[in-house]
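Architecture and fold: a report
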Amino acid sequence: MNTPSVSSAPHKRSQVSVTTTERARSNTDSDLISAQLSNYELENEYPAHNFRFLFRYFRIDKEFDRLYAENIALRARVGITHTDPLTDIGILPSEVPLDGPKPGRKAMQMGQKLRTALGKRAPPGRLVFKVGGGDSHRFRLENTFEGHRDGIWFVTSSSTHNIVVSASADQTCRVWNLDDGECTHVYSGHTGSVNCVSLSNAESLGDLCIASASGDESVHVWKIPQSGQFTERRETNEEKEKDDDYSDTQEGGLSSALIRLTGHKGVISCCQWLCTSNQIVSGSWDRTANVYEVERGEILNVLTGHEMELTSTAAHPWQKLIATASKDCTFRLWDLREPMQSVAVLQAHEDTVTAVKFSNDKVISASDDRTLKVWDTRNMRSAYSSVRLSSPPNHFSVGSANNLIGVPMDNSNVCIYDLNGQRVLHRRCHSRLATCTSWSDGSTLLTAGFDRLLCSWKIVTKEKEEK
């Protein structure tokens, strides 16, 4: 995932390249021309004005074939086999070790694009795209939420209030009605990409409070009325067609923050309300995490120690425990229950740790090394379970009702696993990389992608299907 269109956005991570010594000159003109008809043959078979066009066409066709064959060879080197060429879902055989050789991300992403364009070896020039595959009959699309003008970084939801909140590189947050997919409010108070949002029912602050972290180096706390109090004017499709530049204020526009939390000296990539509901932890590219007292806007703790930028923060649902993840390949557990805070450092991955979450007595970490690991907080010496993924994961979510992990990945797929590491469902959900998931309840999963779409999916596990 590359840095978004606005310069202050976070993510994504340094690219890991494959050794190119063996193929450094495999793309020269002489190699390509030798496999095609000679110039003399082309000139005699076709009119002169068509010669150049046909010659370039043959070169492009040859290049597509070469890249496709190269990607298949890279996949074979790590033992990945495909269940469906259009879904890009691979299963790693059990005999391949987790710490074995890994293909470069650029090559993997190029292979994904080629399979998307060529389908099952469709003729060059015919673009083919399909969202689906995998367990699509038990992983069904319910609704789409459209409105963002750039990629969506983060999504969270509240079944109690029946809303979904999304954060986007277009510098806005949007609040959606979970039932009909309508955008009810747009928060436009940030001046940089909005990278994360978090919901809280802070009674002392009133109404439903939302914290949003941005590339403008600040966290904004803002609120919306409770469901049932929405009185904003919703613009019709006909009105939108008449004016493509319609104002966000017509969708319940909000631009004033209740509180602005500052103190970081870099892009803020993540934020999370603590269990006390009046404190927030934020993680930044300045390598620190700040714990704020929201009502006064004061910094209570500065958590230092990471050697590179922070990518994710998580708060335990009922204890004052915080987890932070970083590009330094580690995640840390901070215990704030005592005045003298303690920290545990886990060097559990070989690449950037992209996300970390709590689930009761478990903590789950995901990394660019294409692994997802579940840890028992009572015994952190080794992982409780480990999963090898077909592509680098992003901000996953854990369902409180079903204990299932929804994992979005760079290859646009979303896989669902249980805490034991068993894959339950998978399918392709977006046309570009999938960035985040959020469980609304035990059977509804929300996914966000850099195709600017937010999608709601109905999840039916085998156990429910048998009933």
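- Where an unreviewed UniProt entry is consulted, the chain appears under the name WD repeat-containing protein 37, with the organism given as Pristionchus mayeri.

1. Some thoughts on the overall build of the chain
- Scanning the chain from terminus to terminus reveals 6 helices and 31 strands.
- Looking at the chain residue by residue over its 467 residues, the buried ones come to 54%.
- Put simply, of all contacts in the chain between residues at least 6 apart along the chain, 52% involve residues at least 24 apart.
- Carbon and sulfur atoms form 46% of the exposed surface of the chain, whose accessible area is close to 21300 Å².

2. Concerning the UniProt feature "repeat: WD" (unreviewed entry) in the chain
- Under the present numbering, the feature "repeat: WD" (unreviewed entry) in UniProt falls on residues 145–186, 187–232, 261–302, 303–344 and 346–385.
- Taken end to end, residues 346–385 is 0% helix and 52% strand, and its two terminal C-alpha atoms sit 15 Å from one another.

3. Some points on the side chain of R332
- Tracing the backbone through its elements, the reader meets R332 in strand 19 (residues 331–335).
- A polar atom in the side chain of R332 sits 3.0 Å from the backbone oxygen of G305.
- Ignoring any residue separated from it by four or fewer positions in sequence, one finds R332 in contact with T304, G305, H306, I322, A323, T324, V343, A344 and V345.

4. Focus on the nonpolar core
- Grouped together as the largest cluster of nonpolar side chains are 42 residues, with contacts concentrated most on V197, I210, V221, I280 and L454.
- The element best represented in this core is strand 9 (residues 208–214), accounting for 5 residues.
- Those residues in contact with V197, other than ones at most four positions away along the chain, are F154, T156, V165, A167, C173, I210, A211 and S212.

5. Some thoughts on the sheet that holds strand 8 (residues 194–200)
- Spatial ordering of the open sheet is given by 8-9-10-12, a layout of 4 strands whose pairing is antiparallel. Looking along the sheet, the strands with just one partner apiece sit at the ends: strand 8 and strand 12 (259–261). Each strand axis lies, on average, 25 degrees off the axis of its neighbour in the sheet, ignoring direction.
- Summarising the sheet, strand 9 and strand 10 (residues 219–224) pair through 6 bridges and their orientation is antiparallel. By the bridge assignment, I210 is partnered in strand 10 with W222.

6. As for the packing of aromatic side chains
- This model, assessed by the stated rule, comprises 5 aromatic pairs.
- Between F145 and W176 the ring centres are 5.7 Å apart and the planes differ by 75 degrees, which places this aromatic pair in the edge-to-face class. One end of the pair, F145, is in strand 3 (residues 139–145); the other, W176, is in strand 6 (residues 173–177), with 31 residues separating them in the sequence. No difference in accessibility class separates F145 from W176, as the two residues are buried.
- Positioned above the aromatic ring of W285, the side-chain terminus of K327 is 5.1 Å from the ring centre.

7. Regarding the sheet that holds strand 17 (residues 310–315)
- The strand order 17-18-19-20 describes an open sheet built from 4 strands, whose pairing is antiparallel. Each end of this open sheet is capped by a strand with a single partner; those strands are strand 17 and strand 20 (342–346). Neighbour to neighbour, the strand axes of the sheet diverge by 20 degrees on average, direction disregarded.
- Across 5 bridges, strand 17 lies against strand 18 (residues 321–326) in antiparallel orientation. Bridge pairing in strand 18 links A314 to A323.

Rules behind the numbers
- Residues numbered from 1 in each chain as written.
- Predicted model: local features only at pLDDT ≥ 70, side-chain atom pairs only at ≥ 80, totals over all residues.
- Heavy atoms only, no water.
- Helix = DSSP H or I, 4+ residues; strand = E, 2+ residues; numbered from the N terminus.
- Buried < 20%, exposed > 50% of the residue type's maximum accessible area, 1.4 Å probe, protein only.
- Contact = heavy atoms within 4.5 Å.
- Areas by Shrake-Rupley, 256 points an atom, 1.4 Å probe, with all protein chains shown as cover.
- UniProt positions renumbered as here; feature names shortened; annotations may be inferred.
- Polar contact = N/O pair within 3.5 Å; in protein donor to acceptor, adjacent residues only side chain to side chain.
- Core = buried A, V, L, I, M, F, W, Y, C linked by side-chain atoms within 4.5 Å.
- Pairing = 2+ DSSP bridges.
- Axes fitted to C-alpha atoms, helices over the stretch in contact; angles between N-to-C directions.
- Phe/Tyr/Trp six-rings, centres within 6.5 Å; stacked < 30°, edge-to-face > 60°.
- Lys NZ or Arg CZ within 6 Å of the ring centre and 35° of its normal.

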